[in-house]
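Architecture at a glance
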2 protein chains.
Amino acid sequence: MGPGPSGVPKRVLAAMARPTIGHLDPEFILFMDSMKQLLQRTFLCEYGLTIPVSGPGTVGMESCVVNLLEPGDTIVVCINGFFGERLAIMAERCGAKVVRVHETWGRAIDPDKVDAALRAAPKAKVLAFVQAETSTGVLSDAKALARLAREHDCLSLVDAVTSIGGTPLRVGAWDIDVVYAGTQKCLSAPPGLSPVTVNDRAMAMIKERKHPVQSWFMDFRLLQGYWGMSTRRSYHHTAPINALYGLHEALLMLHEESLELAWVRHRRHHNALRAGLKVLGLELVVPAQERLPQLNVVKVPQGIEEAKTRDWLLKVRGLEIGGGLGALAGKVWRIGLMGHSCRSRTIEVCLRALAEVVDDPRKGRVALRAAMDEL
Amino acid sequence: MGPGPSGVPKRVLAAMARPTIGHLDPEFILFMDSMKQLLQRTFLCEYGLTIPVSGPGTVGMESCVVNLLEPGDTIVVCINGFFGERLAIMAERCGAKVVRVHETWGRAIDPDKVDAALRAAPKAKVLAFVQAETSTGVLSDAKALARLAREHDCLSLVDAVTSIGGTPLRVGAWDIDVVYAGTQKCLSAPPGLSPVTVNDRAMAMIKERKHPVQSWFMDFRLLQGYWGMSTRRSYHHTAPINALYGLHEALLMLHEESLELAWVRHRRHHNALRAGLKVLGLELVVPAQERLPQLNVVKVPQGIEEAKTRDWLLKVRGLEIGGGLGALAGKVWRIGLMGHSCRSRTIEVCLRALAEVVDDPRKGRVALRAAMDEL
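Now for a quick tour of the structure.

So, about the overall build of chain A. Counting its regular elements, chain A contains 13 helices and 12 strands. For 375 residues, the compact-globule estimate of 2.2 N^0.38 gives 21 Å, and the C-alpha radius of gyration of chain A, at 21 Å, lies within 12% of that figure. Projected onto the principal axes, the alpha-carbon positions of chain A cover approximately 65 × 55 × 35 Å. When the 375 residues of chain A are sorted by exposure, 64% land in the buried category. In chain A, the share of contacts with a sequence separation of at least 24, taken over all contacts with a separation of at least 6, comes to 71%. Counting only carbon and sulfur atoms, one obtains 51% of the accessible surface of chain A, whose full area is about 13900 Å². For chain A, the distance from the average site of its 46 positive side-chain charges to the average site of its 39 negative ones is 3 Å.

Time to look at the pairing of strand β2 (residues 74–79) of chain B. All names here are of chain B. Most of β2 sits out of view: six of its six residues are buried. Burial along β2 is two-sided: Thr74, Val76 and Cys78 and Ile75, Val77 and Ile79, pointing in opposite directions, are all buried. Direction of pairing for β2 relative to strand β3 (residues 97–102): parallel, over a ladder of six bridges. What sits directly across from Val76, in β3, is Val99. Note on the crossover from β2 through helix α4 (residues 82–93) to β3: the handedness is right-handed. Pairing analysis gives three bridges linking β2 to strand β4 (residues 126–130), with the strands arranged parallel. When the bridges of β4 are listed, Ile75 appears paired with Val126.

Okay, the packing of aromatic side chains next. Applying the stated rule across the entire model yields 12 aromatic pairs over all chains. Here B:Tyr226 and B:Trp227 contribute two aromatic rings whose centre-to-centre distance is 6.3 Å and whose plane-to-plane angle is 80 degrees, an arrangement assigned as edge-to-face. Each member of the pair, B:Tyr226 together with B:Trp227, is buried. Joined through ring pairs, the aromatic side chains of A:Phe28, A:Phe31 and A:Tyr245 make up one cluster. A:Arg18 extends its terminal NZ or CZ atom over the ring of A:Tyr245, reaching a point 5.7 Å from the ring centre.

With that settled, the discussion passes to empty space enclosed by the protein. Scanning the model with the defined rule gives three cavities of 30 Å³ or more in all. For the largest cavity, the lining is made up of 23 residues, of which A:Gly192, A:Pro240, A:Ala243, B:Pro240 and B:Ala243 are closest to its centre. Considering every element that reaches the lining of the largest cavity, the biggest residue donor is helix α9 (residues 241–257) of chain A, with four residues. Classifying every residue of the lining of the largest cavity by side-chain character gives 15 nonpolar, eight polar and no charged.

With that settled, the discussion passes to the relation of the copies chain B and chain A. Turning chain B through 180 degrees and shifting it by 0.0 Å along the axis lays it on chain A, with an RMSD of 0.0 Å. Within this description, the copies of the chain are treated as partners about a two-fold rotation axis. With an isologous cut-off of 70% or more, the 100% of interface residues of chain B that recur at the interface of chain A puts this contact in the isologous class.

Below, the discussion takes up the pattern of salt bridges. Residues and elements named next belong to chain A. What the rule picks out here adds up to 46 salt bridges over all chains. Its salt-bridge partner being Arg352, residue Glu348 comes within 3.2 Å of it at the nearest N-O pair. On the criterion of helical spacing, the pair formed by Glu348 and Arg352 is a turn pair, its members being four residues apart in helix α12 (residues 344–357).

Vacant regions in the atomic arrangement are exposed by a probe of water-molecule size rolled over the atoms. There is about 990 Å³ of room inside the largest pocket. If you go around the largest pocket, you meet 43 residues; those closest to its centre are A:Arg310, A:Gly323, A:Arg334, B:His23 and B:Leu24. Within the residue set of the lining of the largest pocket, elements represented by two or more residues are α3 (57–68), α4 (82–93), α11 (306–317) and β11 (322–323) of chain A together with α2 (26–43) of chain B. It is α11(A) that provides the largest number of residues to the lining of the largest pocket, a total of five residues. Each residue belonging to the lining of the largest pocket can be placed in one class, and the counts come to 16 nonpolar, 16 polar and 11 charged. When its volume is computed, the second largest pocket comes out at roughly 780 Å³. In this structure, the second largest pocket is lined by 39 residues; those nearest its centre are A:His23, A:Leu24, B:Pro3, B:Gly322 and B:Arg334. Those elements that provide at least two residues to the lining of the second largest pocket are α3 (57–68), α4, α11 (306–317) and β11 (322–323) of chain B.

To continue, consider the environment of A:Arg291. Residues and elements named next belong to chain A. Relative to the helices and strands, Arg291 is located in the loop between α10 (259–279) and β10 (295–299). Sequence separation between Arg291 and Val161 is 130 residues, and the spatial gap between their C-alpha atoms is 16 Å. When neighbours within four sequence positions are excluded, Arg291 is seen to be in contact with Gly137, Leu139, Arg267, His270, Arg274, Leu284 and Val286. In this structure the side chain of Arg291 is engaged in a polar contact, spanning 2.8 Å, whose partner is the backbone oxygen of Val286.

Residues and elements named next belong to chain B. In space, the three strands of this open sheet follow the order β10-β12-β11, with antiparallel pairing throughout. The two strands at the open ends of the sheet, each matched to only one other strand, are β10 (295–299) and β11. The pairing of β10 with strand β12 (residues 332–336) spans five bridges and is classified as antiparallel. The partner of Lys299 across the bridge, within β12, is Val332. Packed on one face of the sheet, α11 meets β11 and β12 and runs near 30 degrees to β12.

Let us look at the interface of chain B and chain A. As a measure of interface size, the accessible area lost when the parts come together is often cited. With 49 residues of chain B in contact, the opposing surface of chain A contributes 49 residues. Between chain B and chain A, a total of about 3800 Å² is buried, with carbon and sulfur atoms accounting for 65% of that surface. Looking at the side of chain B facing chain A, the largest losses of area belong to B:Arg93, B:Trp216 and B:Tyr235, adding up to 18% of the total buried there. At the boundary of chain B with chain A, the tally comes to two salt bridges. For B:Asp219, the salt bridge goes to A:Arg93, with nearest N and O atoms at 2.8 Å. Here chain B is connected to chain A by 13 residue pairs in polar contact (both at pLDDT 80 or more). The set of elements that each furnish at least two residues to the side of chain B that touches chain A consists of α1 (10–16), α3, α4 and α9 (241–257) of chain B. If one sorts the elements of the side of chain B that touches chain A by residue count, α4(B) sits on top with six residues. A breakdown of the residues in the side of chain B that touches chain A according to their chemical character gives 27 nonpolar, 15 polar and seven charged.

Reading guide: rules and limits
Residues numbered from 1 in each chain as written. Chains lettered and ligands numbered in written order. Predicted model: local features only at pLDDT ≥ 70, side-chain atom pairs only at ≥ 80, totals over all residues. Heavy atoms only, no water. Helix = DSSP H or I, 4+ residues; strand = E, 2+ residues; numbered from the N terminus. Rg over C-alpha atoms; globule rule 2.2 N^0.38 Å. Buried < 20%, exposed > 50% of the residue type's maximum accessible area, 1.4 Å probe, protein only. Contact = heavy atoms within 4.5 Å. Areas by Shrake-Rupley, 256 points an atom, 1.4 Å probe, with all protein chains shown as cover. Lys, Arg positive; Asp, Glu negative; His and termini not counted. Charge placed at Lys NZ, Arg CZ, Asp CG, Glu CD. Pairing = 2+ DSSP bridges. Right-handed = clockwise from strand over helix to strand, strands pointing away. Phe/Tyr/Trp six-rings, centres within 6.5 Å; stacked < 30°, edge-to-face > 60°. Lys NZ or Arg CZ within 6 Å of the ring centre and 35° of its normal. 1 Å grid on protein atoms, 1.4 Å probe; cavity = no way out; pocket = protein on both sides within 12 Å on 5 of 7 lines; lining within 4 Å. Points joined across faces, edges and corners; volume = space filled by probe spheres on them. Nonpolar A, V, L, I, M, F, W, Y, C, P; charged D, E, K, R; others polar. Least-squares fit on C-alpha atoms with pLDDT ≥ 70 in both. Salt bridge = Lys/Arg side-chain N within 4 Å of Asp/Glu carboxyl O. Polar contact = N/O pair within 3.5 Å; in protein donor to acceptor, adjacent residues only side chain to side chain. Axes fitted to C-alpha atoms, helices over the stretch in contact; angles between N-to-C directions. Buried area = accessible area lost by both parts, 1.4 Å probe.

Below, the structure written as structure tokens:
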């Protein structure tokens, strides 16, 4: 129940152990087509390049940045946590001009501030933001921000690492141009791949670049040749076959449940956990409207040692939760309710253990009842 | 029996399916230390940054290139196949000046030509070459080439994707500065990771760079913070936990056999396959002194359709072999004897099937006997 990786179901783990076949085997080519279709159903997009990049979410992030930006381009980056700043640093390493729109850690991005920034930077090519900030547990309004990008004739670049599969994300309907995501949060596959989708508008911009993409491995035009038409694939790199088996199985499980019901499940379990935490006297940091259901950031009560407690939870109670990052280090715990780890059993384990931490086991039973009432 | 991925043993596949734990879990930190030690024993190096990069071999290649080179730097790249040219292109995308030393496809790199190129480019910072060219089945003399680099005050950068675990490679004794490798060839782990080693000399050069490394994800200084001292690790990305389990198990198996005995096994089975192919009238392309035991490039006999035959072998006989790349496309087959796929049983299957292809099953039995006599 940390900020990811989440628990991985046995079925996905078993898929990882299937025999490794060749990346040029005709069966694998069919498998790649199936993977692309499952990802399109997950992003709810219908066009463009939609593939799993062969590297962790950070590689997905950097792939999008280096393809969209050329030296001298301007990008507006919204920063309300750890990962927005990472985006900005990557953009700087491309020689881009970065306009940072800062927001308080623990608060959603303010569309008005973004609008003002875009007005002040009329040449901006890209607006980038994190839909679900894993460092602070905040959900920003991706639909509104993507609309702003369109109004200002910018491409939108969205970090959906923690949102995908846990929170509504409608890439096509919201007209988002480029998204990267992660496998190890609400999709409950092991870490190591980054699903990415690039629409036709963004792909056309990439094809008109004046400079080659600085990374050969991350070059979307080359990746399109590898993942593209199944009739004529060009060798690019050796795909991580077994990791792809795992992601494929996790996506099958997601769509067996249905994407929409998975979103509902995350919201419902978040409400349950919140009700239980309230009984224990544990406060959430993020205002109600801006809370990410799958990542609950809790203030550490006075008199309790943050890191020591997490250590005890892991070693003695077998429960992993996360600490704070950056400005929130030492002050908060981050409790994940992601994918396979988002179920009544995990909430039960968590509330029982936290009741011991706040030293009131009787309250634990009340908290549990309050939580279960919400499910 | 293609050019990789090789067959993966069940024990390694089972390791891939172990429960995913957190990348910041204290148990995982210990696991990372064990991984680094196993990789040092495999590279036979004793110092520097020795880690598995979280991406396929191509990411390992690009990581080394972008860390070693700054805009304006000169690199001498030896090209005797597909992967040398890829190295050169990546270097160009860093803004480096690339001096190409071409060699005929199917022949080893000639140290005299390299010496002349280094004399003509006295400011060269890096000499890069592929020890084992997967595209042509050629082994070049890594020890001699690394010595040349040292004599000319260059750093040596070696592609060991196909050589590691199958052919002698002594990074420390040969004083090689930087090496990247693959997991899916002679190590018989699934693809997706790239073991890399960077010695102290190269790391010191990297620390003195004037420009930041263009890739944030591949920046070795940041990766050193993540994989470095176990007492104080900085978060960089979420490691592909399950892929690392697989590689760790594959390395354990390698050292249970012993690295030196694995080299001997590859050589012995190569001799066996060669003896069998000879009986079938199938010729090897590469001269005897320059042959890579783990990748045997065979001329397609006249009157036999190259791709159609491979297709038949895969679909009807369940045997995967590779086709030619670049100048060799359509003219050769590439038969891998890598890691777990390097054993008497695979040779038997291969020779029996190829005897059918050359339409002489009786010869097949003779070929098999000739092969087994070598084991």
